[in-house]
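Examination of the molecular architecture
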Amino acid sequence: MYSKFADLLSKKNVTTYQVSKATGISQGTFSSWKHGRFTPKVDKLLKIANYFKVPLDYFLENKK
C-alpha cells in the first residue's frame, strides 16, 4: 500500500506533511506504514483516497 501512496505523492508533487495536515493522519502513522509496523485501516485509506481523488480500490488492489 505504501508504494502506491508514495507514487501518488510523487505524481501530485505533495509531501506527507501536506497530506497529514489535510487528512488529520499523523506523519508518524505514515512512517509506521512505510516501515511495515502497522497496516492502514480502511477509514484512513478512505481519507487518503478522497484527498488524491482516487477510488478506495486503488489501495485495496494487490497490484504493485
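First, a word on scope: everything that follows refers to the structure included in this document. For every chain, the first residue of the written sequence is number 1, and numbering continues from 1 onward in sequence order. The predicted origin of the model limits local features to residues at a pLDDT of at least 70 and limits the giving and counting of side-chain atom pairs to 80 or more, whereas totals for whole chains, interfaces and linings rest on all residues. Excluded from the side-chain calculation are hydrogens and water; included are all heavy atoms of the structure.

**Some thoughts on the nonpolar core**
It is characteristic of soluble globular proteins that their nonpolar side chains tend to be buried jointly. Within this scheme, the nonpolar core is defined by two criteria: the residues are buried Ala, Val, Leu, Ile, Met, Phe, Trp, Tyr or Cys, and they are joined through side-chain atoms within 4.5 Å. Each residue's exposure class comes from its accessible area (1.4 Å probe, protein chains only) as a fraction of the maximum for that residue type: buried when under 20%, exposed when over 50%, partly exposed otherwise. Core analysis: the biggest nonpolar cluster contains 15 residues, and Phe5, Val19, Phe30, Ile48, Phe52 and Phe59 have the highest contact counts within it. The residues contacting Ile48, other than those within four sequence positions of it, are Met1, Phe5, Ile25, Phe30, Trp33 and Phe59. Residues count as neighbours in contact if any of their non-hydrogen atoms are within 4.5 Å of one another.

**Brief notes about the environment of Ser10**
Looking at where Ser10 falls in the secondary structure, it is placed in helix α1 (residues 2-12). In this structure the C-alpha to C-alpha distance between Ser10 and Gly24, which are 14 residues apart in sequence, comes to 20 Å. Numbering of helices and strands runs from the N terminus; a helix is a DSSP stretch of H or I covering at least four residues, while a strand is a stretch of E covering at least two.

**Some details on α1**
Considered for burial, the residues of α1 that qualify are Tyr2, Lys4, Phe5, Leu8 and Leu9. Looking down the long axis of α1, one finds its buried residues gathered within 160° of arc, a one-sided arrangement. The exposed residues of α1 that point more than 90 degrees off its buried face are Ser10 and Lys11. On its buried side, α1 packs onto α2 (16-23), α3 (27-34), α4 (42-52) and α5 (57-60). Backbone geometry just downstream of α1 places Asn13 in the positive-phi region, at approximately 55°. Throughout, the arc means the angular range of directions from the helix axis out to the C-beta atoms.

**A short note on the environment of Asp57**
In this fold, Asp57 is placed in helix α5. Classification of Asp57 as partly exposed rests on a relative accessible area of 49%. Considering only alpha carbons, one finds Asp57 and Leu46, 11 residues apart in sequence, at a separation of 9.4 Å.

**Considering the packing of aromatic side chains**
Here a pair means two rings of Phe, Tyr or Trp (six-membered ring of Trp) with centres within 6.5 Å. Their orientation is stacked below 30 degrees between planes, edge-to-face above 60, and tilted elsewhere. All told, the structure shown has 6 aromatic pairs when counted by the stated rule. Ring centres of Tyr58 and Phe59 lie 5.2 Å apart, and the angle between their planes is 85°; on these two criteria the pair is classed as edge-to-face. In this structure an aromatic cluster arises from ring pairing among Tyr2, Phe5, Phe30, Trp33, Tyr51 and Phe52. Note on criteria: charge over ring means Lys NZ or Arg CZ within 6 Å of the ring centre, with the direction from the centre no more than 35 degrees off the ring normal. For the cation-ring pair, Lys4 lies above Tyr58, with the distance from its terminal atom to the ring centre recorded as 5.5 Å.

**A closer look at unusual backbone geometry**
With a phi close to 55°, Asn13 is a non-glycine residue in the positive phi region. Assignment of secondary structure puts Asn13 in the loop between α1 and α2. Backbone geometry at Lys53 places phi at a positive 60°, although glycine is not the residue there. Relative to the helices and strands, Lys53 resides in the loop between α4 and α5.

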